[in-house]
Amino acid sequence: MNMSGSVHPPSSTGLRSVEEGPAILQQALAVQLKIPSEQLDLDASLLQLGLDSIDLMSWLHRFHAEGVELSLRDLYRRPSVNGWLAMLRKSRPCHVPIADSVRCWGTMRVGEAFPLTPVQLAYLAGRSPQQVLGGVGCYLYQEFDGTGLDPERLDSALQRLVLRHPMLSVAFRDDGTQVRLPASSWMGLVRHDLRGLSEVMGETALLALRERLSHQLLDVEAGHCISFEIALLPEGRHRLFAGIDLLIADAASYAQLFDELGSLLTGQELPPIDPGYDFFSYTQQIRDLSAPRRESARQYWQAQLDSLPAAPSLPLTCDPAQIRPVRILRRKRRLEPDQWQVFKRHAGVMGLTPTMALASSFAALLSRWTGQRRLLLNLTLFDRHALNPAVARIVA
């Protein structure tokens, strides 16, 4: 969706057209589902065919961009091509602000602070040790084992990424703002040469690095938002320790950074990014475009406050406020591919995405442990709007 001046696509996609709409919608969904258009049953459940929650959010944004007043609940209620077409034809138009084609939303300027988004503000608040179970960052950490990686080449590639993406040079303030620094505070790739150690000593050193790096609280107030360290191991092996505070990047951005890093390490040139549209531009545009809907939602939820259920009251061995230091651990269990396919199939039959089914299962488990029939869960939402072609390449 081209939003460099308008929330409408460059040319009308005709989704509401009686003559063209069915074919356009069928073809677009078939491409997304990776099946031939003629094989897409117009009455088949799109959830059973593989659309997930993020896919539905993307379609909702597309409909809104075309001036169609639909809700996410509508898309779930009738998840088929014919179901969506029927709602498109009956829906009332919503107001979509049309900006001047030359309108500029502005970009980040060095030293000029701008507000955090709500989720950034929540992440920043959670870093405070004054918060119950606080004092931790929303920190995405991974380790990568491999062979033959040249540390100098890796450092050079990372430096290019830092220069390419403005959010990698941002510092955060306790007044709820963020500011681009004149230069990144990242000090470069840290190297640990473990090639001369015995197998036992080398493994001990790797575990010590994991212990230190996997739960670190980066100094984001000084602009330290990324961490890359590499351990050089015998026989040309290495282990890369990578961490990014999600104040500066969502999960899609994290994947993009590593895709771009891989391209640079293999000698490929990266596609250019639009210097006239960045995360600041996006926040300004989304604020203006969503203001009426946001105010309507605020009023709705304000009226619901007194009737909302309480948070889960789990049985505890101690007061969470007394836990020091706080250490967040991940519990996991892996389903085999055939088990996961069965789970997804059952979810689709019930009109649910896998994400919804997992969240419902989690809520049911909490209900069993708490004895509460009604409880409140607070979940983050992947809500990146394709307002401008540049959004796809923005790391933020």
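Residues numbered from 1 in each chain as written. Predicted model: local features only at pLDDT ≥ 70, side-chain atom pairs only at ≥ 80, totals over all residues. Heavy atoms only, no water.

Caption draft 1: Representation of the overall build of the protein chain in the model. What the protein chain contains, in helices and strands, is 12 helices and 7 strands. For 396 residues, the compact-globule formula gives about 21 Å, and the C-alpha radius of gyration of the protein chain, at 24 Å, lands near that figure. In the protein chain, buried positions account for 41% of the 396 residues. Pairs at least 24 residues apart make up 72% of the contacts formed inside the protein chain by residues separated by at least 6 positions. Here the protein chain has roughly 23,300 Å² of accessible surface; of this, 55% comes from carbon and sulfur atoms. (Helix = DSSP H or I, 4+ residues; strand = E, 2+ residues; numbered from the N terminus. Rg over C-alpha atoms; globule rule 2.2 N^0.38 Å. Buried < 20%, exposed > 50% of the residue type's maximum accessible area, 1.4 Å probe, protein only. Contact = heavy atoms within 4.5 Å. Areas by Shrake-Rupley, 256 points an atom, 1.4 Å probe, with all protein chains shown as cover.)

Caption draft 2: Molecular detail of empty space enclosed by the protein. Taken as a whole and assessed by the stated rule, the structure comprises 1 cavity of 30 Å³ or more. If you add up the space inside the largest cavity, you get close to 90 Å³. Around the largest cavity sit Leu-158, Leu-161, Val-162, Leu-168, Ile-226, Phe-228, Ile-244, Leu-257, Phe-258 and Leu-261, which together line it. Going through the elements one at a time, helix 7 (151–164), strand 6 (226–232) and helix 9 (251–265) are the ones with two or more residues in the lining of the largest cavity. (1 Å grid on protein atoms, 1.4 Å probe; cavity = no way out; pocket = protein on both sides within 12 Å on 5 of 7 lines; lining within 4 Å. Points joined across faces, edges and corners; volume = space filled by probe spheres on them.)

Caption draft 3: Expanded view of the sheet that holds strand 1 (residues 114–115). Read from one edge of the open sheet, 3 strands run 1-4-3, paired in antiparallel fashion. Each edge of the open sheet is held by one strand with a lone partner, namely strand 1 and strand 3 (170–173). (Pairing = 2+ DSSP bridges.)

Caption draft 4: Quick peek at the packing of helix 11 (residues 337–349) against helix 12 (residues 354–370). As a packed pair, helix 11 and helix 12 sit with axes 9 Å apart at the nearest point and diverge in direction by 95°. Classed by the angle they form, the pair helix 11 and helix 12 counts as roughly perpendicular. Counted together, Trp-340, Phe-343, Lys-344 and Ala-347 of helix 11 and Pro-354, Ala-357 and Leu-358 of helix 12 form the full contact between these two elements. Looking at the contact of helix 11 with helix 12, its residues break down into 6 nonpolar, no polar and 1 charged. (Axes fitted to C-alpha atoms, helices over the stretch in contact; angles between N-to-C directions. Parallel < 35°, antiparallel > 145°, perpendicular 65-115°, else oblique. Nonpolar A, V, L, I, M, F, W, Y, C, P; charged D, E, K, R; others polar.)

Caption draft 5: Seen up close, the environment of Leu-49. Within the secondary structure, Leu-49 is located in helix 2 (residues 46–49). The spatial distance from the C-alpha of Leu-49 to the C-alpha of Lys-34 is 10.0 Å, given a sequence separation of 15 residues.

Caption draft 6: How the structure looks around unusual backbone geometry. Between Arg-324 and the following residue, Pro-325, the backbone shows a cis peptide bond with an omega angle of -10°. Among the structural elements, Pro-325 can be located in the loop between helix 10 (279–304) and helix 11. A positive phi angle, near 60°, is found at Leu-133, a position not held by glycine. Note on placement: Leu-133 falls in the loop between helix 6 (118–126) and strand 2 (139–147).

Caption draft 7: Spotlight on the side chain of His-165. Relative to the helices and strands, His-165 is located in the loop between helix 7 and strand 3. Dropping the residues within four chain positions of it, His-165 is found in contact with Gln-256, Leu-257, Glu-260, Arg-393 and Val-395.

Caption draft 8: Layout of the nonpolar core. Counting 57 residues, the largest nonpolar core has Phe-172, Ile-226, Phe-228, Ile-248 and Tyr-277 as its most contacted members. Broken down by secondary-structure element, the contributors of at least two residues to this core are strand 2, helix 7, strand 3, helix 8 (199–213), strand 6, strand 7 (237–245), helix 9 and helix 10. In this structure, Phe-228 is in contact with Leu-158, Trp-186, Gly-188, Leu-189, Val-190, Leu-240, Phe-241, Ala-242 and Phe-258, ignoring residues within four places of it in sequence. Of all hydrophobic cores here, the second largest spans 21 residues; its members include Leu-40, Trp-59, Trp-84 and Leu-85. (Core = buried A, V, L, I, M, F, W, Y, C linked by side-chain atoms within 4.5 Å.)

Caption draft 9: Up close: the pattern of salt bridges. Scanning all chains against the criterion turns up 14 salt bridges. Here Arg-239 makes a salt bridge to Asp-145, at a shortest N to O gap of 2.7 Å. Remark: Asp-145 occurs in strand 2 and Arg-239 occurs in strand 7; sequence separation between them is 94 residues. Judged by relative accessible area, Asp-145 falls into the exposed class, the value being 55%. Connected through shared salt-bridge partners, Glu-143, Asp-145, Arg-210 and Arg-239 make up one network. (Salt bridge = Lys/Arg side-chain N within 4 Å of Asp/Glu carboxyl O.)

Caption draft 10: Looking closely at the sheet that holds strand 5 (residues 190–193). Spatial ordering of the open sheet is given by 2-7-6-5, a layout of 4 strands whose pairing is mixed. Of all strands in the sheet, those with a lone pairing partner are strand 2 and strand 5, marking the two edges. Between one strand axis and the next, the sheet turns through 15° on average, direction left out of account. Where strand 2 and strand 7 come together, 9 bridges link them in antiparallel fashion. Looking at strand 7, one finds that Leu-140 is bridged to Ile-244.

Caption draft 11: Structural view of the state of the cysteines. Tallied over the full model, the rule gives 0 disulfides. Not engaged in a disulfide, the cysteine Cys-225 finds its nearest cysteine sulfur in Cys-138; these two sulfurs lie 13 Å apart. Looking at Cys-225, the relative accessible area reads 2%, which means it is buried. (Disulfide = S-S within 2.5 Å.)

Caption draft 12: Structural view of a negative patch on the surface. A contiguous patch of negative charge on the surface is contributed by Asp-174, Asp-175, Asp-219 and Glu-221. With respect to the helices and strands, Asp-219 occurs in the loop between helix 8 and strand 6. Looking at Asp-219, the relative accessible area reads 38%, which means it is partly exposed. (Patch = residues over 30% accessible without salt bridge, like charges linked within 9 Å, V, L, I, M, F, W, Y side chains within 5 Å. Lys, Arg positive; Asp, Glu negative; His and termini not counted. Charge placed at Lys NZ, Arg CZ, Asp CG, Glu CD.)

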